[in-house]
Amino acid sequence: VLAAAPGLSARVGLHRGAAAAVTLNERLDYFGKNVLLAIELMRSAGDDEVVMSDAFLADAGVRHVVEGALGAQALTSVSLEGTPRFRLTVPQAP
């Protein structure tokens, strides 16, 4: 079960798709429109939220794991700039 630590928050954006990978100065980096969309999703997330694209949740296996671990009611459908996305708020630790 996901739980946020007191005094610490995270924002996560999840998307799937093709990306270009380049190694420069011994560092692997990724580029492309799908990478930019994942960054946009992360930036749209609030503290302790995960925002997932519809492309990410379209995979039946991914959706099964997310809904199985957290319950379908944990996902909130939102539309950002006309694109459907799903928001998940991570519960606070007791």
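What this report covers is the structure whose coordinates are included nearby. The model shown is predicted, which means the values in this text are computed figures rather than measured ones. (Residues numbered from 1 in each chain as written. Predicted model: local features only at pLDDT ≥ 70, side-chain atom pairs only at ≥ 80, totals over all residues. Heavy atoms only, no water.)

## Focus: unusual backbone geometry
Comment: phi is negative for the bulk of residues other than glycine, and the bulk of peptide bonds are trans.
Now for step 1: The phi dihedral of Asn25 falls on the positive side, at around 55 degrees, and the residue is not glycine.
Now for step 2: Mapped onto the fold, Asn25 is located in the loop between strand E2 (20-24) and strand E3 (27-31).
Now for step 3: Residues other than glycine seldom take positive phi values, yet Glu26 does so here, at roughly 60 degrees.
Now for step 4: Mapped onto the elements, Glu26 comes out in the loop between E2 and E3. (Helix = DSSP H or I, 4+ residues; strand = E, 2+ residues; numbered from the N terminus.)

## Section: the pattern of salt bridges
Now for step 1: Applying the stated criterion to the full structure yields one salt bridge.
Now for step 2: In this structure, Arg16 and Asp59 form a salt bridge, with 3.0 Å as the shortest nitrogen-oxygen distance. Of this pair, Arg16 sits in the loop between strand E1 (11-14) and E2 while Asp59 sits in the loop between helix H2 (54-57) and helix H3 (60-70), placing them 43 residues apart in sequence.
Now for step 3: Asp59 gets classed as partly exposed once you look at its relative accessible area, which sits at 27%. (Salt bridge = Lys/Arg side-chain N within 4 Å of Asp/Glu carboxyl O. Buried < 20%, exposed > 50% of the residue type's maximum accessible area, 1.4 Å probe, protein only.)

## Side note on helix H1 (residues 33-44)
Now for step 1: Across its 12 residues, H1 extends 16 Å between first and last C-alpha, which sits within 8% of the 16 Å expected from 1.5 Å per residue.
Now for step 2: When we look at burial in H1, the residues that qualify are Asn34, Val35 and Leu41. Projected down its long axis, H1 carries its buried residues within an arc of 120 degrees, all on one side. Residues of H1 that are exposed and point over 90 degrees away from its buried face: Lys33, Leu36 and Arg43. (Expected span 1.5 Å × (residues − 1). Arc of directions from axis to C-beta.)

## Notes on the nonpolar core
Now for step 1: Residues Val50, Met52, Phe56, Leu57 and Val66 constitute the largest nonpolar core, which totals five residues.
Now for step 2: Looking at this core, the elements that each hand over two or more residues are strand E4 (49-53) and H2. (Core = buried A, V, L, I, M, F, W, Y, C linked by side-chain atoms within 4.5 Å.)

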